[in-house]
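# Observations on the three-dimensional arrangement
As a plain string of letters, each chain reads:
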Amino acid sequence: MNQDKRIRVLVAKPGLDGHDRGAKVIARALRDSGMEVIYTGIRQTPEQIVDAALQEDVDTILLSILSGAHGFLFPRIMELLKEKGLGDILVLGGGIIPEDDVPELKKLGVSEIFGPGMSSQTLINYIRENLSQG
Amino acid sequence: MIEEDIEKIQEETKRWNRDCLGKHTFRKRETDWGLEIKPLYTVDDTKDINYLEDIGFPGEYPFTRAPHPSMYLGKLWTMRQYSGYGTADETNKRYKYLLEQGQTGLSVAFDLPTQIGYDSDHPLSQGEVGKVGVAVDSLADMETIFNGLPLDKLSTSMTINAPAAILLAMYLTVAEKQGIGPEKLNGTIQNDILKEYTVRGTYIFPVGPSLRLITDIFEYCSKYVPKWNTINIAGYHMREAGATAVQEIAFTFADAIEYVNAGIKAGLRVDDFAPRISWIFNTHNNFFEEIAKYRAARRLWAKIMKERFGASDPRSWMFRFHTQTAGSALTAQQPLNNVVRVAFQTLAAILGGAQSLASCSFDEALALPTEESVRLSLRTQQIIAHEIGVTDTVDPMGGSFYIESLTKKMEEKITDYIKRIDELGGAAAAIEKGYIQQEIQESAYRYQKEVESGGKVVVGMNSYQVEEPLPKGLLKVDTEVGAIQIKKLKELKTTRDNQKVQSTLLALRKTAEGHANLMPPIIEAVKAYATLGETCDVLREVFGEYEGTSVI
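About the thresholds
- Residues numbered from 1 in each chain as written.
- Chains lettered and ligands numbered in written order.
- Predicted model: local features only at pLDDT ≥ 70, side-chain atom pairs only at ≥ 80, totals over all residues.
- Helix = DSSP H or I, 4+ residues; strand = E, 2+ residues; numbered from the N terminus.
- Rg over C-alpha atoms; globule rule 2.2 N^0.38 Å.
- Buried ≥ 20, exposed ≤ 12 C-beta atoms within 10 Å, placed from the backbone.
- Contact = placed C-beta atoms within 7 Å.
- Nonpolar A, V, L, I, M, F, W, Y, C, P; charged D, E, K, R; others polar.
- pLDDT = per-residue confidence, 0-100.
- Pairing = 2+ DSSP bridges.
- Core = buried A, V, L, I, M, F, W, Y, C linked by C-beta atoms within 7 Å.
- Expected span 1.5 Å × (residues − 1).

What follows deals with the overall build of chain A. Scanning chain A for helices and strands turns up five helices and five strands. Ordered by position from the N terminus, the helices and strands of chain A form the series β-α-β-α-β-α-β-α-β-α. Compactness check: chain A gives a C-alpha radius of gyration of 13 Å against a globular reference of 14 Å for 134 residues, within 12% of the reference. In terms of its C-alpha atoms, chain A occupies a principal-axis envelope of roughly 35 × 35 × 25 Å. A burial count over chain A gives 52% of its 134 residues as buried. Within chain A, contacts between residues separated by at least 24 positions form 73% of all contacts whose residues are at least 6 apart in sequence.

See below:
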């Protein structure tokens, strides 16, 4: 991708989970690192998230979820992204997602899942590396 | 202490600082809210504190030392683990297990659809049913949850906010079916909507109707359920969202002031509902700060009730609290380290004078706790209660130069914040302006930066790391819970008297459109097995819904 263009990120909270400390902290850290960040706010449906991704023309979507509903919500989001022709967006997950569930989510096209304790620099590096390859 | 002694001590302290400490290098420490902590506290730091006025005696104004005269010598705290998951059946089994293990109260965790007033078959409930708590669609589920549990002998706390009136109505009805009158029931509903708008997110209705539901509950319970704690005002979730200890108490008290004002505006006498106000706070890692926090909160709440609201019943002045150890302090890395963190936090809660306590389990950064991990956490409480002597006297930390000084400093800082929120027009206005949310976010971000820079050590996470295998044996909620609940709902809708459901819901709608108390028609709808979603939908249609906003 064009290095002059700022990376555009959608930080999204799918489902009914209201815990967004992590999402907000990550959003601020990414913004401070020079990325353009849009935060959806809590309680977003997969449809709302994919619409926001389309309208905001983002390069990457970060899905934060702690409620355990990722097993339903992530597949639905990935399906909608493909339907809208947004299959090339880098999708990452974070929150409380058991390791056992990670392979299944990766099979659907989620690039990486980050757990509690990850540093924001790890995420920033991951996004930069993976977008420049893409 | 006489003046000359103080002067001598001040001189000696100066000398010690200069000639003794001054010859050593040492680190300067600061609290998260900006107070520089001295290397040493002496009587000089407590000289402005008047024992009789500021500290006093347990069970007497201003309650700094304890709300009750004999404290744990008279009655230990209620050991009340926050639990619930999957179906009503599974949750009922977990409760029976915990009670067999010596737990002394129940604390019900509901799933997110229940907390937001959606039935399990609602499209937005997909994937969420039974995940973070138990799914309740109707009275039938509540009957199962409490099956075989004598509600006149237990106290039950329910973490339910926007639909609190409906869950309370269900609880009263389950008790009635067990032959127990409402006057015999002990327990608590959270019923604290303001912090849902700021940090927790399970809101349904706009501010006005939400406050009406709350004051209707105050009024109804003051008449018919006199021992019920009608609100459990929560600092816990603000702390989890990143607030400092000072912000936690300040913003919670600001919310409380808003509720008390709403009660008075609704025509209630402050002493009729203030004694039933209860609290839930977060006991975090900084041991002495946590103890001082609870002592400061007891003193300040007593002053607010007496001086600001003119309450005259001593029970209105009394700050009685539940606390849970800090979920956000648990690490996913080397999870067994959390056993130690939980033990220290539990100890701080008890030295702070908690009435009721939930201790986290070591695996909770990863999943809901297993039977084994929750039992270990309960055992931690029991060891502190029975083995280590901290319950042998009231407020054993009282009189410590550091603790008393910190208590005073925290009280001052909390008071400053409350003044600022008063200037903004109170908690509801401050929330609308985004002030409280911004303050908490700033603290959360500052904390994260400190952790990432290594300025704050988190053992096992940013220091002393090891390579470790993936954790094993975590609890998994059955993915079939959603399907089971939907099947039960279908059956319910074919077996109940649907005409009765419709007529009770119509009566509820009419009451909602007017000004009468909402509890009686809600109870009638619940008894007819109207679902939680149906009941909330009626109120949504009349009241509208809250629109959340988020700024980063």
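Right, let's talk about the overall build of chain B for a bit. In terms of helices and strands, chain B carries 23 helices and twelve strands. Across its three principal directions, the C-alpha atoms of chain B cover 85 × 60 × 45 Å. If you take every contact in chain B between residues at least 6 apart in sequence, the share linking residues at least 24 apart comes to 77%.

This part takes up the interface of chain B and chain A. Chain B puts 35 residues into the contact, and the matching count from chain A is 29 residues. Of all the elements in the fold, those that place two or more residues in the side of chain B that touches chain A are α5 (112–115) and α19 (435–453) of chain B. A total of five residues in the side of chain B that touches chain A trace back to one element, the largest contributor, which is α19 of chain B. Class assignment of the residues belonging to the side of chain B that touches chain A gives a composition of 17 nonpolar, 13 polar and five charged.

A few words on the confidence of the model for chain B. Here chain B shows a mean pLDDT of 97. Residues at 70 or above account for 100%. The ipTM value of the predicted complex is 0.95, and its pTM value is 0.96.

Next up on the list: the sheet that holds strand β3 (residues 78–79) of chain B. In spatial order, the strands read β3-β12-β11-β10-β9 (chain B); together these five strands make up an open sheet with parallel pairing. Strands at the two margins of the open sheet, each flanked by one partner only, are β3 and β9 (231–234) of chain B.

To continue, consider the nonpolar core. Ranked by size, the top nonpolar core spans 192 residues in total, and within it Val11 of chain A together with Ala165, Ala169, Ile217, Phe253, Ile414 and Ile522 of chain B carry the most contacts. Of all the elements, helix α11 (residues 245–265) of chain B adds the most residues to this core, at twelve residues. When near neighbours in sequence (up to four residues on either side) are disregarded, phenylalanine 253 of chain B contacts Leu300, Trp301, Ile304, Ile414 and Ile418 of chain B.

Let us look at unusual backbone geometry. Leaving glycine out, the prevailing phi sign among residues is negative, and the prevailing peptide bond configuration is trans. Residues and elements named next belong to chain B. Residue proline 62 follows tyrosine 61 across a cis peptide bond; omega there is 0°. Within the fold, proline 62 resides in the loop between α2 (51–55) and α3 (71–74). One non-glycine residue, phenylalanine 63, adopts positive backbone phi at about 65°. Tracing the chain through its elements places phenylalanine 63 in the loop between α2 and α3. Under the C-beta neighbour-count criterion, phenylalanine 63 is labelled buried, with 26 such atoms within 10 Å. The backbone phi angle of aspartate 395 is positive, close to 45°, even though this residue is not glycine.

Attention now moves to the sheet that holds strand β7 (residues 186–189) of chain B. Residues and elements named next belong to chain B. Spatial strand order, β4-β5-β6-β7-β8: five strands in an open sheet with parallel pairing. Pairing within the sheet leaves two strands with one partner each, and these edge strands are β4 (82–83) and β8 (228–229). Two elements, strand β5 (residues 106–108) and strand β6 (residues 155–158), share three bridges in a ladder whose sense is parallel. Considered in β6, the bridge of valine 108 is made with methionine 158.

Take helix α7 (residues 164–177) of chain B next. Residue and element names in this part refer to chain B. Look at α7: 20 Å from first C-alpha to last across 14 residues, which is about the 20 Å you get at 1.5 Å a residue. In terms of burial, α7 is largely enclosed, as eleven of its 14 residues are buried. Among the residues making up α7, those that are buried are Ala164, Ala165, Ile166, Leu167, Leu168, Ala169, Met170, Tyr171, Leu172, Val174 and Ala175. Each element contacted by the buried residues of α7 is listed here: α6 (139–145), β6, β7, α9 (207–224), α22 (519–527) and α23 (532–543).

Bringing the pairing of strand β10 (residues 277–283) of chain B into the picture now. All names here are of chain B. Burial analysis of β10 places seven of its seven residues in the buried class, the great majority of the element. Relative to β10, β9 runs parallel, the two being bridged by four bridges. Opposite asparagine 232, over in β10, you have serine 278 as the bridge partner. Alignment of β10 against strand β11 (residues 321–325), held across five bridges, turns out to be parallel. Bridge pairing links isoleucine 280 to histidine 322 in β11.

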